[in-house]
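Results of the structural survey
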Amino acid sequence: MTVLLLAEVNKGELAVDATAKAVTAAAQLGEVTALCAGAHAAAAGEAAAKLDGVSKVLVAEDPSLDHRLAEATAALIVSLADGYDHIVAPATTDAKNVMPRVAALLDVMVISDVSGIVDADTFERPIYAGNAVQTVKSKDAKKVLTIRTSTFDAAGDGGSAPVETVAAPDGPALAEWVEDKVAASDRPELTSAGVVVSGGRGVGSEEDFKLIEALADKLGAAVGASRAAVDSGYAPNDWQVGQTGKVVAPELYIAIGISGAIQHLAGMKDSKVIVAINKDEDAPIFQVADYGLVADLFQAVPELTEKV
Amino acid sequence: MKVLVPVKRVIDYNVKVRVKADGSGVDLANVKMSMNPFDEIAVEEAIRLKEKGVATEIVAVSIGVKQATETLRTALAMGADRAILVEASEDVHADIEPLAVAKILKAIVEEEEPGLVICGKQAIDNDMNATGQMLAALLGWSQATFASEVAVEGENAVVTREVDGGLQTIKVKLPAIVTADLRLNEPRYASLPNIMKAKKKPLDAKSPADYGVDVSPRLEVVKTSEPAERKAGVMVGSVDELVAKLKDEAGVL
Ligand SMILES: Cc1cc2nc3c(=O)[nH]c(=O)nc-3n(C[C@H](O)[C@H](O)[C@H](O)COP(=O)(O)OP(=O)(O)OC[C@H]3O[C@@H](n4cnc5c(N)ncnc54)[C@H](O)[C@@H]3O)c2cc1C
Ligand SMILES: Nc1ncnc2c1ncn2[C@@H]1O[C@H](COP(=O)(O)O)[C@@H](O)[C@H]1O
């Protein structure tokens, strides 16, 4: 079996954690060729070549692939699809944008957010916000999958796969990039952080969200948020954890002023240790927490920040 | 410009989902069903485009069981003009896969010739996040997924997207597919008079055969199981106790 893996490339750089976790899943299926695509992707290609389990790297550099617009990226993958049994990517927003398009062009179903690989045709994935796990067996000739990275360990490095360049196919330019609004941050990336501190509606304002951030910084943690905190403008959209946000599984997840709606739990209940701080002792978050503290966050969080 | 909005009937997001004991699926008999929340946002966006004079007509489409008529009536009560029901199954437990849905939608798009299709980003039952992208592929159109802002400017739509790193703005050529994310807008509630009026709005009933689409699934569901249960731990009485537990017991500090 052969696998084409769309590596996660951001502005020419390999997103190592997401890619390495998808490599672990892909390597269970067969021999992995990693594709690094972008306006600049050579450096990412070199980084991907070092991942254990990658046996070949393809680098596609073309202005049309800048910002990984779905149309051009999907056309590239389809042009390479012959000879691969599986086409795989980590379930990032970029890949969720591209992979269903690839699948439809190949007339196959996409299998999103795969959390377990049973065999080459059979996969597990969460449905209903993680309230159920479905095992599906694909009847399609090619399998197009995105991988839920939080359930796979990252592949190590030490490999030295050969790197080849490939050309991007010509196609009509249907979409054009205008701008990115990306906040620069020194904090660890949410989906790969060992510790995540998240705040919810209970935090009450953007200003008070600094309490959450201060605790996170003391712990060297990433900051997360509930949908309610994002909708209320306390936190940016890319901090949202949950069914429709990011899925995280850190060693330690601290939920502060978050009630524990199922849609939020969907994004964090695989964390190793969960701490909940909430003033309502009946908050559902306590049902999944390893350590629960019933307290006013405005007292407990500064105290915790001081004492850790 | 005509706007097409596909709306899916799904289990209400507040309902506690129960996996059937025999592993054959999730129990959907006698549970509250609603319009997929992302599709409410999509309908709302279409209505706002109409209120701005950009959209001229809004057509809501649902593919599924006959009961999806209720979902379409909700869309009509919110402000859609017309609806198409494609009855693709008689079994409330059957889920039509995104690829088949996209194929039916493609045929409808070819008939209706909308300038814009606004889907939800994700159905909260199958959590696939695929249909809009698949439809765009089949039509050879551009796609602007996970939209938090949509502005139609002449031949283009300028769309801000919620992505892992923050926000990305792209410009896509119309006709195009947009998929709605949570923060695109806050959907309105249908007023009682509008609910009454919606009963008189046109609703066409079709079948997949009318569009020459085979809806048989590509993915065979082998089983559906409960996720690994997480047990509640202990309550601590103070911050000091919490810090001690995290250090000594959990070893995570
Ligand atoms: C389609 C759809 C998708 C969704 N996707 C997501 C998702 O991806 N992620 C997500 O998080 N949600 C998601 N939601 C929303 C979800 O249903 C909940 O509404 C949301 O998670 C609630 O956020 P919250 O816990 O911050 O707010 P609330 O439920 O309002 O809880 C606030 C909590 O703060 C506590 N509190 C208040 N003041 C204090 C204080 N001073 N000290 C301590 N505690 C305090 C309260 O006791 C309460 O428990 C989605 C919903 C829908 C319909
Ligand atoms: N059966 C259906 N009928 C109408 N629209 C659908 C159907 N399935 C999916 N959609 C649309 O596609 C979006 C994404 O669904 P999915 O790809 O299943 O996550 C939904 O929010 C709807 O807008």
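Residues numbered from 1 in each chain as written. Chains lettered and ligands numbered in written order. Predicted model: local features only at pLDDT ≥ 70, side-chain atom pairs only at ≥ 80, totals over all residues. Heavy atoms only, no water.

Looking only at helices and strands, chain A has 8 helices and 18 strands in total. On C-alpha atoms alone, chain A measures out to a radius of gyration of 20 Å, which is about the 19 Å that the 2.2 N^0.38 rule sets for 308 residues. Once the C-alpha set of chain A is aligned to its principal axes, its extents read approximately 60 × 40 × 40 Å. The buried share of chain A, reckoned over its 308 residues, is 58%. For chain A, contacts bridging at least 24 residues in sequence account for 64% of all contacts bridging at least 6. Side-chain charges in chain A split into 24 positive and 44 negative, and the spacing between the mean points of these groups amounts to 4 Å. (Helix = DSSP H or I, 4+ residues; strand = E, 2+ residues; numbered from the N terminus. Rg over C-alpha atoms; globule rule 2.2 N^0.38 Å. Buried < 20%, exposed > 50% of the residue type's maximum accessible area, 1.4 Å probe, protein only. Contact = heavy atoms within 4.5 Å. Lys, Arg positive; Asp, Glu negative; His and termini not counted. Charge placed at Lys NZ, Arg CZ, Asp CG, Glu CD.)

Residues and elements named next belong to chain B. In the region of ligand 2, 19 residues are neighbours, and D39, I63, A123, N129 and T131 sit closest. Measuring from an oxygen atom of ligand 2, one finds a backbone N or O atom of P6 at 2.8 Å. In this structure, an oxygen atom belonging to ligand 2 sits 2.8 Å away from a main-chain N or O atom of N129. Alone, ligand 2 offers 480 Å² of accessible surface; in the complex the protein occludes 99% of this. At the level of elements, β4 (57-64), α3 (98-112) and β6 (116-120) are the ones that each hand at least two residues to the shell around ligand 2. For the shell around ligand 2, the element with the most residues is β4, which contributes 3 residues. Partitioning the shell around ligand 2 into residue classes produces 10 nonpolar, 7 polar and 2 charged. (Near = heavy atom within 4 Å. Polar contact = N/O pair within 3.5 Å; in protein donor to acceptor, adjacent residues only side chain to side chain. Areas by Shrake-Rupley, 256 points an atom, 1.4 Å probe, with all protein chains shown as cover. Nonpolar A, V, L, I, M, F, W, Y, C, P; charged D, E, K, R; others polar.)

Another aspect to go through is the nonpolar core. Judged by nonpolar contacts, the single largest core of 92 residues is most densely connected at A:L35, A:C36, A:V57, A:I77, A:M99, B:I63 and B:M134. If we ignore the near neighbours within four places in the chain, the residues touching A:C36 are A:A7, A:V9, A:L14, A:A41, A:A44, A:G45, A:A48, A:V57, A:L58, A:V59 and A:A60. Among the nonpolar cores identified, the runner-up in size contains 42 residues, and B:A68, B:A83, B:I170 and B:V178 belong to it. (Core = buried A, V, L, I, M, F, W, Y, C linked by side-chain atoms within 4.5 Å.)

Of all residues adjacent to ligand 1, which total 29 residues, the nearest are A:R201, A:S226, A:Q240, A:S259 and A:N278. Those residues lying near ligand 1 are distributed over chains A and B. One nitrogen or oxygen atom from the main chain of A:G245 is found 3.4 Å from an oxygen atom belonging to ligand 1. Within the backbone of A:K279, one N or O atom sits 3.1 Å away from a nitrogen atom of ligand 1. Burial of ligand 1 by the protein amounts to 86% of the accessible area it has alone, namely 980 Å². Where the shell around ligand 1 is concerned, the elements lending two or more residues are α6 (227-231), α7 (262-265) and α8 (297-307) of chain A together with α1 (37-51) of chain B. Looking at side-chain class alone, the shell around ligand 1 contains 11 nonpolar, 13 polar and 5 charged residues.

What follows deals with the domain arrangement of chain A. Residues and elements named next belong to chain A. Domain assignment breaks chain A into domain 1 (2-165) and domain 2 (190-307). Taking the mean C-alpha position of each, domain 1 and domain 2 sit 30 Å from one another. On the domain 2 side, the residues contacting the 8 residues of domain 1 number 10 residues. Between domain 1 and domain 2, the buried area comes to about 720 Å², and carbon and sulfur atoms account for 49% of it. When residues of domain 1 are sorted by the area they lose upon contact with domain 2, A129, R148 and S150 head the list and together hold 58% of the total. Between the two partners, domain 1 and domain 2, sit 0 salt bridges. (Domains from an automatic or database assignment. Buried area = accessible area lost by both parts, 1.4 Å probe. Salt bridge = Lys/Arg side-chain N within 4 Å of Asp/Glu carboxyl O.)

Glancing now at a nonpolar patch on the surface. Residue and element names in this part refer to chain B. A grouping of L192, I195 and M196 is seen on the molecular surface, where their side chains present a nonpolar patch of about 290 Å² in accessible area. When you line up the elements, I195 lands in helix α5 (residues 192-198). Given the relative accessible area of 34%, I195 is considered partly exposed. (Patch = residues over 30% accessible without salt bridge, like charges linked within 9 Å, V, L, I, M, F, W, Y side chains within 5 Å.)

Turning our attention to the environment of A:P90. Residues and elements named next belong to chain A. Mapped onto the fold, P90 is located in strand β6 (residues 86-90). P90 gets classed as buried once you look at its relative accessible area, which sits at 0%. For the pair P90 and F152, spaced 62 residues apart in sequence, the C-alpha separation works out to 10 Å. Beyond its immediate sequence surroundings of up to four residues, P90 is in contact with L6, E8, A18, A22, A95, I147 and T149.

Here the focus is helix α4 (residues 93-105) of chain A. Residues and elements named next belong to chain A. A rise of 1.5 Å per residue sets the reference length of α4, with its 13 residues, at 18 Å; its end C-alpha atoms lie 19 Å apart and thus fit the reference within 8%. With 12 of 13 residues buried, α4 lies mostly within the body of the structure. Trailing α4 by a residue or two, D107 shows a phi angle of about 55 degrees, which is positive. (Expected span 1.5 Å × (residues − 1).)

It is worth spelling out the packing of α8(A) against helix α6 (residues 239-249) of chain B at this point. A pair of packed helices is characterised by two quantities: the angle between their axes and the separation of those axes. Contact pair α8(A) / α6(B): the axes reach a minimum separation of 10 Å and the direction vectors enclose 45 degrees. The pairing of α8(A) with α6(B) is recorded here as oblique in orientation. Viewed along their axes, α8(A) and α6(B) form a crossing whose handedness is right-handed. Between α8(A) and α6(B), the contacting residues are A:A300, A:E303, A:L304 and A:K307 on the first element and B:V239, B:D240, B:L242, B:V243 and B:K247 on the second. (Axes fitted to C-alpha atoms, helices over the stretch in contact; angles between N-to-C directions. Parallel < 35°, antiparallel > 145°, perpendicular 65-115°, else oblique. Left-handed = near helix turned anticlockwise from the far one by under 90°.)

At the interface, 78 residues of chain B touch 82 residues of chain A. Interface of chain B and chain A: buried area, both sides summed, is about 6,700 Å²; carbon and sulfur atoms make up 55% of it. Considering only the surface of chain B that becomes buried against chain A, B:D164, B:R218 and B:R230 emerge as the three largest contributors, covering 11% of it. Counting across the interface, chain B meets chain A through 6 salt bridges. A salt bridge links A:D107 to B:R218; the shortest N-O distance between them is 3.2 Å. Summed over the shared surface of chain B and chain A, the number is 45 residue pairs in polar contact (both at pLDDT 80 or more).

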